[in-house]
Amino acid sequence: MIDPLAPMGSAGIVLPSIGPAQAEDLAAHLAHYGPMPMSSPADVALIEASGLRGRGGAGFPTGVKWHAVAARAAGRGVVLVNGVEADPSSEKDRMLLTYRPHLVLDGAIMAARAVGASEVVVAVNRQAVDAHQAIRAAIPERRERLAIDLIDAPSRYVAGEETALVHFVNGGPARPTVTPPRPFDRGVRGRPTLVQNAETLAWAALIARHGDGWFRELGSSAAPGAMMVTVRGAVAQPGVYELSAAATVEDALAAAGDGGATTLLLGGYFGHWVDRARARPLQEVNAGVLIALPPSSCGLTETARIMSFLAGESARQCGPCFNGLPALSSAIAKVATGRAKPVEVERLRRWTGQLSGHRGACHHPDGAVALLRSALDTFAGDLSAHLQRGACRGSQSPSVLPAAKVQDGWR
Amino acid sequence: MAMTVNRLRVNPITCDGRGLCAELFPERVRSDDWGYPILDPKPITPELMPHALRAVASCPKLALSIDTTES
């Protein structure tokens, strides 16, 4: 069961709002979307023309990525579908894999033909049981002349980082590796590998059917296409929505039933706290995650909860991460509970300076530091109140964040 | 004309924070509060090159290197 987040209110292209959502088998999928045109290397240019960008968080131009793999693959490449979505606040990939497994597979097979790959590996977060079942049922329905495998990825925050995922598929722990090599050069079993987020591939499959112009017109020239957005927190209907990439954060809040929040966390656990008045276009929101902070909640306390999670999710490989994140986490917890002294806040700021600047093998410390810095700025008033008078009443409010799951292993 | 630019690079997974690099090459390396190196991305000038090479050679974990790019 996908509770409490259910697809609703969407524009209806990928996840129609009509009727109860359920996994589409191949027949239902074909009836819904129509047949997929034959894919070819020309699709690299099609995707490039569409302006599609990666929907996993980094927003890298998809066509450029396909080009890089196509230039190296020579028929022996690998397409690795990234369905790890390990940010606990994001639900859209799980939703897509669960309800529209064939749309994701269409995109993956298209990508394989376009870049010259002989194999598709679909990596799904092993805690997303429903998504697993849907993909496991969908694969045998396909009759393709390439291998499609499903792999259980650990539900660890950094496991979705592309080098970590490749490392795992290659039989190692799901921990990041140093770059170069990047997966497009040497990835799964040393082959050029296209690592692509599940949602991105679903859009690619629709671009194949309807054309690059159709996709661009869903958005604007600056923000082409549409995107899946997870909205949670102080809204009437938390859920996964489908909106134009040119829509604003205000549009997303309106779609989910605006609950009057004045502060938002944009981009999930690797995101930024912002005053609602300064909220950006939706396209700039990492992975399309939007959390509306209820006015009764304490932003510092919520930040401390996220920092504790992120510290626990360090792969414990790089000094700045395994030393720095627990230190930041304990310090912000003291601030949140009103036990910190001003000198400890100064030290916390010094640490955020020392730990930024891509000092780890992956961006895990950078993401955590950026989140924390945005909290210190956005909740500056609360910060001085906590220093002077101790914890506020909001720190007793129930958390707006999803409940923590049992921590997974690395293999 | 192509110019060669040299910068320090650390393998953050191999690095153990022994701190020799910051001691031997303070012009481009300082330590964080836990003794791990923070590298200055500024190019290594020719007169600093001997110090850079000594720092690289002294790293007990072979984690430090010089990254050469054409610009």
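Our structure's up above, just so we're on the same page.
Everything numeric here is computed off the predicted structure, so don't read it as measured data.

In this section: the nonpolar core. All names here are of chain A. Ranked by size, the top nonpolar core spans 130 residues in total, and within it L80, L165 and A252 carry the most contacts. Per-element tally for this core: the top contributor is helix α5 (residues 101–115), with 10 residues. Sequence-distant contacts of L165, that is, excluding residues within four places in its chain, are made with L80, N82, V84, A123, A153, A159, G160, A174 and V195.

Our focus in this paragraph is helix α2 (residues 43–50) of chain A. In an α-helix, one turn spans 3.6 residues, which is why side chains three or four residues apart end up on the same side. All names here are of chain A. Among the residues of α2, D43, V44, L46, I47 and S50 are the ones counted as buried. Along α2, the residues classed as buried sweep out an arc of 160° about the axis, all on the same side. In this structure, the buried residues of α2 make contact with α3 (62–73), α5, α8 (198–210) and α9 (212–218). Immediately downstream of α2, the backbone of G51 shows phi near 80°, a positive value.

Right, let's talk about the packing of α5 of chain A against α8 of chain A for a bit. How two helices pack is summed up by the angle between their axes together with the distance between the axes. All names here are of chain A. Running from amino to carboxyl end, α5 crosses α8 at an angle of 75°, the nearest separation of the two axes being 7 Å. As summarised for this structure, α5 and α8 are arranged roughly perpendicular, according to the angle between their axes. In this structure, α5 contributes L103, V104, D106, G107, A108, M110 and A111 to the contact, and α8 contributes A198, L201, A202, A204, A205 and A208.

On to the environment of S297 of chain A. Residues and elements named next belong to chain A. Secondary-structure assignment places S297 in the loop between β9 (289–293) and α11 (299–312). What makes S297 buried here is the crowd of 23 C-beta atoms within 10 Å. Residues S297 and P398, 101 residues apart in the sequence, show an inter-C-alpha distance of 7.7 Å. In contact with S297, other than residues within four places in its own chain, are E302, G394, S397 and V400.

Time to look at the interface of chain B and chain A. Counting residues at the interface gives 10 residues for chain B and 11 residues for chain A. Here the side of chain B that touches chain A is composed, by residue class, of 6 nonpolar, 2 polar and 2 charged.

All names here are of chain A. Across the sheet, which stays open at both edges, the 4 strands sit in the order β3-β2-β1-β4 with parallel pairing between neighbours. Edge positions in the sheet fall to β3 (147–153) and β4 (193–197), since each of these pairs with one other strand and no more. Direction aside, neighbouring strands of the sheet carry axes that sit 20° apart on average. Against the sheet, α8 contacts β1 (77–83) and β4, and its axis sits at roughly 95° relative to β4.

A few words now on the packing of helix α4 (residues 92–99) of chain A against α8 of chain A. Residues and elements named next belong to chain A. Between α4 and α8, the shortest axis-to-axis distance is 9 Å and the interhelical angle comes to 50°. What the angle tells us is that α4 and α8 run oblique. Contacts from K92, D93, L96 and L97 in α4 reach A198, E199 and A202 in α8. Among the residues forming the contact of α4 with α8, the class breakdown is 4 nonpolar, no polar and 3 charged.

So, about the sheet that holds strand β7 (residues 263–266) of chain A. All names here are of chain A. Here 5 strands make up an open sheet; going across it, the order is β6-β5-β9-β7-β8 and the pairing mixed. Strands at the two margins of the open sheet, each flanked by one partner only, are β6 (239–244) and β8 (272–275). Between one strand and the next, the sheet's axes are offset by a mean angle of 30°, whatever the strand orientation. Both strand β5 (residues 226–233) and β9 contribute to a ladder of 4 bridges, which runs parallel.

With that settled, the discussion passes to the pairing of β1 of chain A. Along any regular strand the residues' side chains alternate between the sheet's two faces. Residues and elements named next belong to chain A. The element β1 is largely enclosed, with a buried count of 7 among its 7 residues. Both faces of β1 are covered, namely the face carrying G77, V79, V81 and G83 and the face carrying V78, L80 and N82. Sheet topology places β1 next to strand β2 (residues 117–125); 7 bridges connect them, and they run parallel. Bridge pairing in β2 links G83 to V124. By the bridge criterion, 5 bridges tie β1 to β4 in an arrangement that is parallel.

Moving on, we get to the environment of A117 of chain A. Assignment of secondary structure puts A117 of chain A in strand β2. Aside from chain neighbours lying at most four places away, what touches A117 of chain A is A73, G77, V78, V79, A112 and L194 of chain A.

Once that is clear, we can look at unusual backbone geometry. Peptide bonds are, in most cases, trans, and in most cases residues other than glycine have a negative phi. Residue and element names in this part refer to chain A. Cis geometry is adopted by the peptide bond preceding P180, which originates at T179 and carries an omega value of -10°. Along the chain, the position of P180 falls in the loop between α7 (162–169) and β4. In the Ramachandran plot, A74 falls in the positive-phi region, its phi being about 50° despite a non-glycine side chain. By the element assignment, A74 lies in the loop between α3 and β1. At E85, a position not held by glycine, the phi torsion is positive, near 35°. Within the fold, E85 resides in the loop between β1 and α4. Residue E85 is classed as buried on the basis of its C-beta count, with 31 C-beta atoms lying within 10 Å.

The rules behind each value
- Residues numbered from 1 in each chain as written.
- Chains lettered and ligands numbered in written order.
- Predicted model: local features only at pLDDT ≥ 70, side-chain atom pairs only at ≥ 80, totals over all residues.
- Core = buried A, V, L, I, M, F, W, Y, C linked by C-beta atoms within 7 Å.
- Buried ≥ 20, exposed ≤ 12 C-beta atoms within 10 Å, placed from the backbone.
- Helix = DSSP H or I, 4+ residues; strand = E, 2+ residues; numbered from the N terminus.
- Contact = placed C-beta atoms within 7 Å.
- Arc of directions from axis to C-beta.
- Axes fitted to C-alpha atoms, helices over the stretch in contact; angles between N-to-C directions.
- Parallel < 35°, antiparallel > 145°, perpendicular 65-115°, else oblique.
- Nonpolar A, V, L, I, M, F, W, Y, C, P; charged D, E, K, R; others polar.
- Pairing = 2+ DSSP bridges.

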